[in-house]
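# Structural description and commentary
What follows is each chain in one-letter form.
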Amino acid sequence: MDYGIIDCHAHIFPPAASAAGFPDEATHLLHQQRSMHMHGNQPYRRLRDHSIVTERPLWDANDPSPAGRRAVDFRVGAHGRYEWTVDGEDQYVQFLAPWMANLEMTAQTLIAYMDYAGVATAVLQNDHIYGNLAAEFAAASKAYPGRFLGLAQVEEAFAYQDSELQRLEDEIGRLGMAGFYFTTTGMFRSGYKPMHSDPAYDPYWKLVERSGLPVFWVQSGSSPVGTYEDEMRHLARIVERFPGIRHLLVHGVPTALYADENDRLKLPSIIETLLTEAPVSAEILYPIAWGGKQEYPYPRAHLHIRQLVEKFGASRFLWGSDTPNVDRYCTYAQSLTYFTRYADYLSEAEKRAILRDNAAALLPALARTDSREG
């Protein structure tokens with residue numbers, strides 16, 4: 001490529017057993033246990049014979065609040081695993097790649113990944129499972145100028161409270177974070193009351209709108225918020241009240257939910273409205289979701305990508321990898337080349353838009369970098 005590719009979805013993080021920016025290790029572990037309860041991509045397994053376990057023992061399905069957490073000795077294992085014990089039987093989930101002995105991804109390692117794959121810049125997304133890492137992101141950006149942009153991490157359940165607002169002002173100010181990360185699963189800390197589209201959250205959304213920075217959203221297909229369409233309805237309410245905020249759907253549109261047996265997409269009207277009439281974009285990020293179901297280069301994914309671009313235009317989409325998570329299915333380079341080498345239904349201009357230009361337009365910090373380079 002004759003331009004610098006931007007990966008809009010990457011991670012660095014300290015060892016998972018550490019506090020990782022939380023007040024203590026126990027609070028981090030609380031978030032990790034809830035995340036593994038919500039995680040459905042990788043199966044739970046019994047340690048002694050690696051057989052699949054269908055029960056969900058980590059949380060009370062009827063109580064999404066911290067009170068629903070079950071005492072199963074949930075712990076950080078080794079080599080990409082989280083572990084727990086039920087009735088004397090050890091179980092685990094292979095959340096990260098087996099090479100990750102202490103579940104850690106350093107900035108230096110990510111730079112090596114990027115250099116090998118030919119990626120110029122990565123947006124460092126935050127999630128509570130990895131930690132609250134704005135300070136680490138700022139340090140990585142300083143150590144590797146022009147290679148990283150970090151996102152501010154909010155405690156979603158308390159985002160409207162003064163203490164959170166002050167912390168976020170510091171993260172986008174002193175620490176130079178380039179956008180906001182918001183996962184609706186983080187609202188478990190308050191039992192999902194109030195909801196993020198309720199007026200109680202207006203102080204947070206006013207801060208975001210005033211900053212001019214985008215929000216990177218993680219929404220679920222099934223959660224206490226409701227269905228994916230319900231998640232989009234909450235987003236639509238926020239868009240209506242705060243039209244100056246730009247939004248990115250992390251992990252992209254879950255097209256597998258809306259495909260028939262011939263992979264023809266019929267998207268709900270709320271998704272179509274947001275992607276045509278609202279300042280909403282979506283990631284193109286299929287290997288992390290589909291890598292366990294089909295082989296590289298994911299031919300069914302291309303059927304879906306083609307339909308999305310034909311319907312909404314290339315300007316609505318940004319490429320991301322979800323590295324190092326994607327390593328459990330394919331290499332970092334393959335998470336890029338499945339798109340660059342096999343999306344022959346797209347023009348070079350469309351590929352460039354998805355691989356760079358749309359990210360530069362979404363993130364003011366990238367636009368400033370491009371201006372300086374010009």
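Above this text you will find the structure in question.
Residues numbered from 1 in each chain as written. Predicted model: local features only at pLDDT ≥ 70, side-chain atom pairs only at ≥ 80, totals over all residues. Heavy atoms only, no water.

## Things to note about the overall build of the chain
Counting its regular elements, the chain contains twelve helices and 16 strands. The globule rule puts the C-alpha radius of gyration for 374 residues at 21 Å, and the 20 Å found for the chain is close to it. Scored against the burial criterion, the 374 residues of the chain give a buried share of 56%. Intrachain contacts of the chain at a sequence separation of at least 6 include 71% that bridge at least 24 residues. Summed over all atoms, the accessible surface of the chain reaches about 15,300 Å², with 50% contributed by carbon and sulfur. (Helix = DSSP H or I, 4+ residues; strand = E, 2+ residues; numbered from the N terminus. Rg over C-alpha atoms; globule rule 2.2 N^0.38 Å. Buried < 20%, exposed > 50% of the residue type's maximum accessible area, 1.4 Å probe, protein only. Contact = heavy atoms within 4.5 Å. Areas by Shrake-Rupley, 256 points an atom, 1.4 Å probe, with all protein chains shown as cover.)

## Observations regarding the packing of aromatic side chains
For the coordinates displayed, the defined rule picks out 19 aromatic pairs. For the ring pair Tyr113 and Tyr332, a centre distance of 5.8 Å and an interplane angle of 35° mean the geometry is tilted. Of this pair, Tyr113 sits in helix H2 (residues 107-117) while Tyr332 sits in helix H10 (residues 332-340), placing them 219 residues apart in sequence. Given a relative accessible area of 18%, Tyr113 falls into the buried group. Judged by relative accessible area, Tyr332 falls into the buried class, the value being 3%. One aromatic cluster is present, built from ring pairs that chain together Tyr44, Phe74, Tyr82, Trp84 and Phe95. Positioned above the aromatic ring of Trp59, the side-chain terminus of Arg34 is 5.2 Å from the ring centre. The positively charged end of Arg81 is found above the aromatic ring belonging to Tyr92, 4.0 Å away from the centroid. (Phe/Tyr/Trp six-rings, centres within 6.5 Å; stacked < 30°, edge-to-face > 60°. Lys NZ or Arg CZ within 6 Å of the ring centre and 35° of its normal.)

## Section: the sheet that holds strand S8 (residues 148-150)
Reading across the sheet, the three strands line up as S1-S7-S8 and stay open at both edges, with parallel pairing between neighbours. Bordering the open sheet on either side are strand S1 (5-10) and S8, each of which pairs with just one other strand. Sheet twist, expressed as the average angle between the axes of neighbouring strands with direction ignored, equals 20°. Bridge count for strand S7 (residues 119-124) against S8 is three bridges, and the pairing is parallel. By the bridge assignment for S8, Val123 is matched with Leu149. The strands touched by H2 are S1, S7 and S8; relative to S7, the strand with the most contacts, the crossing angle is about 140°. (Pairing = 2+ DSSP bridges. Axes fitted to C-alpha atoms, helices over the stretch in contact; angles between N-to-C directions.)

## Regarding H10
Of all nine residues that make up H10, seven are buried, and the element is covered over most of its length. Burial in H10 covers these residues: Tyr332, Ser335, Leu336, Thr337, Tyr338, Phe339 and Thr340.

## A word on the sheet that holds strand S15 (residues 280-284)
The six strands lie next to each other as S9-S10-S11-S14-S15-S16, forming an open sheet whose pairing is parallel. Every interior strand has two partners, whereas the edge strands, strand S9 (152-153) and strand S16 (317-319), have only one. Pairing of S15 with S16, which is carried by three bridges, proceeds in the parallel orientation. Paired with Ala282 across the bridge in S16 is Phe317. Where helix H5 (residues 202-211) meets the sheet, its contacts fall on strand S10 (180-183) and strand S11 (215-218), and the angle it forms with S10 comes to roughly 145°.

## As for the side chain of His31
Mapped onto the elements, His31 comes out in helix H1 (residues 25-38). By relative accessible area, His31 is classed as buried at 2%. For His31, the residues in contact, after removing those within four places along its chain, are Phe22, His128, Glu155, Phe188 and Arg189.

## Things to note about the pairing of S15
With five of five residues buried, S15 is to be regarded as a mostly interior element. Strand direction decides the pairing type here: strand S14 (residues 247-249) and S15, joined by three bridges, are parallel. Counted as the bridge partner of Leu248 is Ser281 from S15. Handedness of the crossover joining S14 and S15 through helix H7 (residues 269-277): right-handed. (Right-handed = clockwise from strand over helix to strand, strands pointing away.)

## Remarks on H2
Turning to H2, its buried residues number three or more, namely Ala107, Leu110, Ile111, Tyr113, Met114 and Ala117. Along the axis of H2, the buried positions cluster into a sector of 160°, meaning they face one direction only. Of the exposed residues in H2, the ones pointing more than 90 degrees away from its buried face are Gln108 and Tyr116. Note on H2: the residue one or two positions beyond its end, Gly118, has a positive phi of about 85°. (Arc of directions from axis to C-beta.)

Keep in mind these numbers describe shape, not what the thing actually does.
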